[in-house]
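Commentary on secondary and tertiary structure
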Amino acid sequence: AVIDGYSDWYLPAVCEMGYGTQAGCGDAGSPALANMRANLLESGNVGNLAGSYWTSTQVAADPAVSAWSSYYESGGPSILIDDPKGFPMGVRCVRALTP
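Please read these numbers as outputs of a predicted model, since none were measured by experiment.

1. A closer look at the nonpolar core
- Residues V14, C15, Y19, A23, C25, V59, W68 and L80 constitute the largest nonpolar core, which totals 8 residues.
- Not counting chain neighbours up to four residues away, the residues in contact with Y19 comprise C25, G26, D27, A28, P31, N35, R37, A38, E42 and L80.
- M17, M36, Y72 and V94 belong to the second largest nonpolar core, which has 6 residues in total.

Written out as structure tokens, the structure is:
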């Protein structure tokens, strides 16, 4: 889909949404990747992302049934959760921003 003239939107992977050792994404001191939690929420660079959102990452232990989601608390932290794929949740699509 083309949004605002760009067609390179994608559903981010679990470590792009946040960090958490349960998902193999490091911790606050050393996240595995630049992510929405550290770079947007905790730095104050974006407003409210509150809610639960799917990632594009399946849970390795049960990929047919579960995928990782990220829950963002209003004005607070986020957590990564392995949820059954049938749960209704939103998505936050992103695009890579390069200089």
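2. Looking at the environment of W68
- Relative to the helices and strands, W68 resides in strand β4 (residues 66–72).
- Spatially, the C-alpha atoms of W68 and C15 are 9.7 Å apart, while their sequence positions differ by 53 residues.
- Contact partners of W68, with chain neighbours within four places excluded, come to V14, Q22, A23, W54, T55, T57, Q58, V59, L80, I81 and D82.

3. With respect to the packing of aromatic side chains
- Throughout the structure, instances matching the rule amount to 1 aromatic pair.
- Between R95 and the ring centre of Y6, over which it is positioned, the NZ or CZ distance is 3.5 Å.

4. Some words on the side chain of S66
- By the element assignment, S66 lies in strand β4.
- Taking relative accessible area as the criterion, S66 reaches 12% and is therefore assigned buried.
- In this structure S66 touches Q58, V59, D83, P84 and K85, once residues within four positions along its chain are discounted.

5. A few points about the sheet that holds strand β3 (residues 51–58)
- On the basis of which strands lie adjacent, the open sheet formed by 4 strands has the order β5-β4-β3-β6 and mixed pairing. Two strands in the sheet have a free side with no partner beyond their single neighbour: β5 (78–84) and β6 (90–91).
- As paired elements, β3 and β4 share 5 bridges and run antiparallel to each other. Bridge pairing in β4 places Y53 opposite S70.

6. Considerations on the environment of E16
- Locating E16 in the fold gives a position in helix α1 (residues 14–17).
- Given a relative accessible area of 23%, E16 falls into the partly exposed group.
- Placed 26 residues apart in sequence, E16 and E42 show a C-alpha to C-alpha distance of 14 Å.
- Excluding residues that lie within four positions of it along the chain, E16 makes contacts with Y10, L33, A34, N35 and M36.
- At a separation of 2.8 Å, a polar atom in the side chain of E16 contacts the side chain of Y10.

7. Observations regarding the pattern of salt bridges
- All chains considered together, the criterion is met by 1 salt bridge.
- Note that R95 is salt-bridged to D8, the shortest N-O span being 2.8 Å. Of this pair, R95 sits in the segment after β6 while D8 sits in the segment before α1, placing them 87 residues apart in sequence.
- Overall, the relative accessible area of 21% leaves R95 in the partly exposed class.
- We classify D8 as partly exposed; its relative accessible area is 38%.

Thresholds applied
Residues numbered from 1 in each chain as written. Predicted model: local features only at pLDDT ≥ 70, side-chain atom pairs only at ≥ 80, totals over all residues. Heavy atoms only, no water. Core = buried A, V, L, I, M, F, W, Y, C linked by side-chain atoms within 4.5 Å. Buried < 20%, exposed > 50% of the residue type's maximum accessible area, 1.4 Å probe, protein only. Contact = heavy atoms within 4.5 Å. Helix = DSSP H or I, 4+ residues; strand = E, 2+ residues; numbered from the N terminus. Phe/Tyr/Trp six-rings, centres within 6.5 Å; stacked < 30°, edge-to-face > 60°. Lys NZ or Arg CZ within 6 Å of the ring centre and 35° of its normal. Pairing = 2+ DSSP bridges. Polar contact = N/O pair within 3.5 Å; in protein donor to acceptor, adjacent residues only side chain to side chain. Salt bridge = Lys/Arg side-chain N within 4 Å of Asp/Glu carboxyl O.

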